[in-house]
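A look at the structure
So you can see what is in the structure, the chains are spelled out below.
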Amino acid sequence: MQRQQQLQTPPATPHRKKSLWSRIWKDRWIYLIMLPGIAFFILFRYVPIYGIQLAFKKLDIAAGITGSPWVGFDNFRLLFIDQEFYTALRNTLIISYLQLVFFFPFPIILAILLNEVMQRRLKRVLQTIYTFPHFLSWVIVAGIMLNLLANNGAINNMLNYLGTDKISFLTNKSLFRFILIFTLSWKEAGWSTILYLAAISSIDPSLYDAARIDGANRWHRIRYITWPGIQVIVITTLILRVGHMMDAGFDQVMNLYNPTVIEVSDILDTYIYRITFQRTPNFGFSTAVGLFKGLTNCILLLSVNWICNRFSGTGIL
């Protein structure tokens, strides 16, 4: 009887795999939302790769990039004998290291503190206050800092009123780098907390309820529930941040530094700007500096990603 039923059962028709274009059409609205981001990366990340060859050429404007003569590694030889390059490289590494040590943990701590605020309305008000500076341009932030920290600024006028000596904040080499860290933290910390708050919100609330029942205080809940819940996001952002170690913030430095503190504030991006637009243009040399910067960022990214994968099992590659 079972054999007859098996013989009478028609064979199952094989499932036809949909073509790539039919699947794209099915999810067309998702791809439409992604289109601006894809266009951005194509135009500003992939198309400029064509110009990398200029690092090994001497630009002839009439012949164009493709027709310009090859000079091999001459631009890199000039780069590594330029003392200003080493100064800019040292400043870039120091400022990026200070950002990693002082700024990177700040949004994480701020997000955890905001998560502990019980009043929802107060929490939203604080988030708005902390996030608002992100939408100010560095030109505006530099103007605010100038009005506060200049010799005739608000803080020095207050110090003068109190009978103490004025402090040259913006021309003091020992203070300027910390002013960069302070302004970066004030402007971007609130915006950076959004990612960590989103990660915290994905943690199961029952874990906190169970911890309270077991007598865990706030510190214990943060240490054993909140921190493990956001650890993957923290490691991922750390890897990405180290991958931008050679980008110390062109907009910020360009608007805040001055000739007095250029020795401690001139970074690779401002160095590239000066040798390209404030001297006799040598676009091959400028491209060589940019290529060096990009390759160094790539090496740092891969190295830190390997270390994180090796010791924590978390990485982006």
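Further up the page is the structure itself.
Attention here is on the structure that accompanies the text. Quick caveat, the model's predicted, so the values are computed rather than measured.

Definitions and cut-offs
Residues numbered from 1 in each chain as written. Predicted model: local features only at pLDDT ≥ 70, side-chain atom pairs only at ≥ 80, totals over all residues. Heavy atoms only, no water. Helix = DSSP H or I, 4+ residues; strand = E, 2+ residues; numbered from the N terminus. Rg over C-alpha atoms; globule rule 2.2 N^0.38 Å. Buried < 20%, exposed > 50% of the residue type's maximum accessible area, 1.4 Å probe, protein only. Contact = heavy atoms within 4.5 Å. Areas by Shrake-Rupley, 256 points an atom, 1.4 Å probe, with all protein chains shown as cover. Lys, Arg positive; Asp, Glu negative; His and termini not counted. Charge placed at Lys NZ, Arg CZ, Asp CG, Glu CD. 1 Å grid on protein atoms, 1.4 Å probe; cavity = no way out; pocket = protein on both sides within 12 Å on 5 of 7 lines; lining within 4 Å. Points joined across faces, edges and corners; volume = space filled by probe spheres on them. Nonpolar A, V, L, I, M, F, W, Y, C, P; charged D, E, K, R; others polar. Disulfide = S-S within 2.5 Å. Polar contact = N/O pair within 3.5 Å; in protein donor to acceptor, adjacent residues only side chain to side chain. Core = buried A, V, L, I, M, F, W, Y, C linked by side-chain atoms within 4.5 Å. Axes fitted to C-alpha atoms, helices over the stretch in contact; angles between N-to-C directions. Parallel < 35°, antiparallel > 145°, perpendicular 65-115°, else oblique. Salt bridge = Lys/Arg side-chain N within 4 Å of Asp/Glu carboxyl O.

**Thoughts on the overall build of the protein**
In terms of helices and strands, the protein carries 17 helices and 0 strands. Over its C-alpha trace the protein gives a radius of gyration of 27 Å, far above what one expects of a compact globule, namely 20 Å for 317 residues. The principal-axis extents of the C-alpha atoms in the protein amount to approximately 100 × 70 × 35 Å. Going through the 317 residues of the protein one by one, you find that 35% of them count as buried. In the protein, the share of contacts with a sequence separation of at least 24, taken over all contacts with a separation of at least 6, comes to 63%. Surface exposure of the protein reaches about 20,600 Å², of which carbon and sulfur atoms provide 66%. Counting 29 positive and 16 negative side-chain charges, the protein places the centres of these two groups 11 Å from one another.

**Considering the layout of surface pockets**
One number sums up the size of the largest pocket: a volume of about 2,100 Å³. In terms of lining, the largest pocket is formed by 47 residues, of which the most central are Arg 45, Gly 243, His 244, Asp 247 and Asn 297. At the level of elements, helix H3 (28-46), helix H6 (83-103), helix H11 (173-201), helix H13 (218-242), helix H14 (250-256), helix H16 (268-277) and helix H17 (283-312) are the ones that each hand at least two residues to the lining of the largest pocket. At 10 residues, H17 tops the list of elements feeding residues into the lining of the largest pocket. Tallied by class, residues from the lining of the largest pocket come to 25 nonpolar, 15 polar and 7 charged. Lining the second largest pocket are 17 residues, and of these Asn 115, Val 117, Met 118, Lys 123 and Ile 200 lie nearest its centre. Mapped by element, the contributors of at least two residues to the lining of the second largest pocket are helix H8 (120-131), H11 and helix H12 (205-213).

**Thoughts on the state of the cysteines**
Counted under the stated rule, the structure contains 0 disulfides. In this structure Cys 298 is a free cysteine whose sulfur lies 16 Å from that of Cys 308, the closest cysteine sulfur available. With relative accessibility at 12%, the residue Cys 308 sits in the buried group.

**Concerning the side chain of Asn 297**
Along the chain, Asn 297 turns up in helix H17. At 3.4 Å, the side chain of Asn 297 and the backbone nitrogen of Met 245 are in polar contact. Residues in contact with Asn 297, not counting those within four places in the same chain, are Gly 243, His 244, Met 245, Met 246 and Asp 247.

**Here's the deal with the nonpolar core**
Counting 46 residues, the largest nonpolar core has Ile 108 and Ile 230 as the members making the most contacts within it. Beyond its immediate sequence surroundings of up to four residues, Ile 108 is in contact with Tyr 196, Trp 227, Ile 230 and Val 234. Counting 16 residues, the second-largest nonpolar core is a separate cluster that includes Phe 76, Leu 79, Tyr 271 and Phe 292.

**A word on the packing of H6 against H16**
Where H6 contacts H16, the axes come no closer than 8 Å and their chain directions differ by 150°. Put simply, H6 runs roughly antiparallel to H16. Residues Glu 84, Phe 85, Ala 88, Leu 89 and Thr 92 of H6 touch H16, and the partners they reach there are Leu 268, Tyr 271 and Arg 274. Of the residues that constitute the contact of H6 with H16, the class distribution is 5 nonpolar, 1 polar and 2 charged.

**Side note on the packing of helix H7 (residues 105-115) against H8**
The contact between H7 and H8 brings their axes to 10 Å, and the two run at 160°. Here H7 lies roughly antiparallel to H8, going by the angle between them. Of the residues in H8, those touching H7 at Leu 110, Leu 114 and Asn 115 are Lys 123, Leu 126, Gln 127 and Tyr 130. A per-class count over the contact of H7 with H8 returns 4 nonpolar, 2 polar and 1 charged.

**Examining the pattern of salt bridges**
All chains considered together, the criterion is met by 9 salt bridges. Between Lys 187 and Glu 188 there is a salt bridge whose closest N-O contact spans 2.9 Å. Considered together, Lys 187 and Glu 188 belong to a single accessibility category, that of buried residues. Its salt-bridge partner being Lys 293, residue Asp 247 comes within 2.8 Å of it at the nearest N-O pair. Here Asp 247, found in the loop between H13 and H14, pairs with Lys 293, found in helix H17; they are 46 residues apart in sequence, far enough to count as distant. By relative accessible area, Lys 293 is classed as buried at 13%.

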